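One-letter residues, chain by chain:
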Amino acid sequence: MKSQEGAAALTDDEIILLVNSKDIPAYNLEASLGDPTRGVGIRRRLLMPLLPMKDALDTLPYTNYDYSLVTGACCENVIGFMPIPVGVAGPLDLDGKKYQVPMATTEGCLVASTNRGCRALSSSGGVRSFILSDGMTRGPVVRLTSAKRASEVKHWLEDVDNYALVKDSFDATSRFARLTKLHINVAGRLLYIRFQAKTGDAMGMNMLSKGTEQALNKLSEFFSDIEILSLSGNFCTDKKPAAINWIEGRGKSVVCEATVPGSIVTTLLKTTVHSLVELNTSKIRRRTWAAPTALP
């Protein structure tokens, strides 16, 4: 560095030289410069010569954005952000309250059709809802030295006092995540432990991952021969259809109901109750023979 002020006092060209010489990591430009927007701009300059089209980033904006919401939180090696149109549908009458629903989309007619549905529901007395269960999950897979040993760990976790120890370790990692249940399966030497927790208003996967890792560390204090193979053992189950999610639930399980009179179906939805029933029978029920839904 040619200045005691550090990287921030250097020109962009000098910063690029330092990145190319491995003196400054490209992924750490925001922190090194103390200026996230400048860091993103320099990263774009580093990237552009590697792209087949030199103007590929011209229409991708990167200025006038609060990168403190991103850095170290939800995205790495940032080169910009993608603006998406936001429409509003509503009001949606839900449990006696009226909500305006923002929708970010580039799909034409989506907001308009949703808005029409909201009008139909609100004109019919609104929607009533109830949360049946609330629990996000993370299901790691660990390996023991024998099937007997894996079974011993399962029984140990099912003990009330031992569960309390694991829960204390899990809950200590977050202000909001609270462990509510363990679902444990043994497959030979492998042990699948499905951690279920309430996560407040958040979807909560990061909370679950952090709490699960801490809980497994606590478990390792009592079983030194435990080997953590993966923090996600496909027992969560995340991003794919799974019977366990249907049976046990995952996230918030909600039931909603509304009764839409035939007159509203005709005037607002521009169809008839008979046509909707026939469509449901043809499209949803009978189509299963042609395109069956199967779990992997």
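Computed from a predicted model, the values in this text were never measured in an experiment.

Rules behind the numbers
- Residues numbered from 1 in each chain as written.
- Predicted model: local features only at pLDDT ≥ 70, side-chain atom pairs only at ≥ 80, totals over all residues.
- Heavy atoms only, no water.
- Helix = DSSP H or I, 4+ residues; strand = E, 2+ residues; numbered from the N terminus.
- Rg over C-alpha atoms; globule rule 2.2 N^0.38 Å.
- Buried < 20%, exposed > 50% of the residue type's maximum accessible area, 1.4 Å probe, protein only.
- Salt bridge = Lys/Arg side-chain N within 4 Å of Asp/Glu carboxyl O.
- Phe/Tyr/Trp six-rings, centres within 6.5 Å; stacked < 30°, edge-to-face > 60°.
- Arc of directions from axis to C-beta.
- Contact = heavy atoms within 4.5 Å.
- Axes fitted to C-alpha atoms, helices over the stretch in contact; angles between N-to-C directions.
- Parallel < 35°, antiparallel > 145°, perpendicular 65-115°, else oblique.
- Left-handed = near helix turned anticlockwise from the far one by under 90°.
- Nonpolar A, V, L, I, M, F, W, Y, C, P; charged D, E, K, R; others polar.

### Overview of the overall build of the protein chain
Working step 1: Check the secondary structure of the protein chain and you find 10 helices and 8 strands.
Working step 2: Here the C-alpha atoms of the protein chain give a radius of gyration of 26 Å, more than 25% beyond the 19 Å that 2.2 N^0.38 yields for 296 residues.
Working step 3: With the C-alpha coordinates of the protein chain rotated into their principal frame, the extents come out at 80 × 60 × 40 Å.
Working step 4: For the protein chain, with 296 residues in total, the buried portion stands at 31%.

### Comments concerning the pattern of salt bridges
Side chains that differ in sign of charge can pair as their charged atoms come close.
Working step 1: Counted according to the given criterion, the structure contains 16 salt bridges.
Working step 2: Connected through shared salt-bridge partners, Lys-148, Arg-149, Glu-152 and Asp-225 make up one network.

### Some remarks on the packing of aromatic side chains
Given two aromatic rings, one states the distance between the centres and the angle between the planes to describe the pair.
Working step 1: With the rule as written, the count across this model stands at 6 aromatic pairs.
Working step 2: Plain terms: the ring middles of Phe-170 and Phe-195 are 6.1 Å apart, the flat faces sit at 10° to each other, and that makes the pair stacked. On the criterion of sequence distance, the pair formed by Phe-170 in helix 6 (residues 160–171) and Phe-195 in strand 6 (residues 190–198) is long-range, its members being 25 residues apart.
Working step 3: We classify Phe-170 as buried; its relative accessible area is 0%.
Working step 4: According to the relative accessible area criterion, Phe-195 is buried, its value standing at 2%.
Working step 5: Ring centres of Tyr-192 and Phe-235 lie 6.0 Å apart, and the angle between their planes is 65°; on these two criteria the pair is classed as edge-to-face.

### A short note on the environment of Pro-52
Working step 1: One can find Pro-52 in the loop between helix 3 (36–47) and strand 1 (86–94).
Working step 2: With 96 residues separating them in the primary sequence, Pro-52 and Lys-148 have C-alpha atoms 57 Å apart.

### Focus: helix 1 (residues 12–20)
Working step 1: Among the residues of helix 1, Ile-15, Ile-16, Leu-18 and Val-19 are the ones counted as buried. For helix 1, the arc enclosing every buried residue in end-on projection is 160°, short of the 170-degree limit, so these residues lie on one face. Turned more than 90 degrees away from the buried face of helix 1 sit Leu-17 and Asn-20, all of them exposed.
Working step 2: Lining the buried residues of helix 1 we find helix 2 (29–33) and helix 3.
Working step 3: At the exit of helix 1 stands Lys-22, carrying a positive phi of roughly 70°.

### Observations concerning the packing of helix 6 against helix 7 (residues 205–222)
Working step 1: At a minimum axis distance of 8 Å, the contact between helix 6 and helix 7 shows a crossing angle of 140°. Taken together, the axes of helix 6 and helix 7 are oblique relative to one another. In the packing of helix 6 onto helix 7, the handedness of the crossing is right-handed. Taken together, the residues of helix 7 that come into contact with helix 6 (itself represented by Leu-165, Val-166, Ser-169 and Phe-170) are Leu-208, Gly-211, Thr-212, Gln-214, Ala-215, Lys-218 and Phe-222.
Working step 2: Grouping the constituent residues of the contact of helix 6 with helix 7 by class yields 6 nonpolar, 4 polar and 1 charged.

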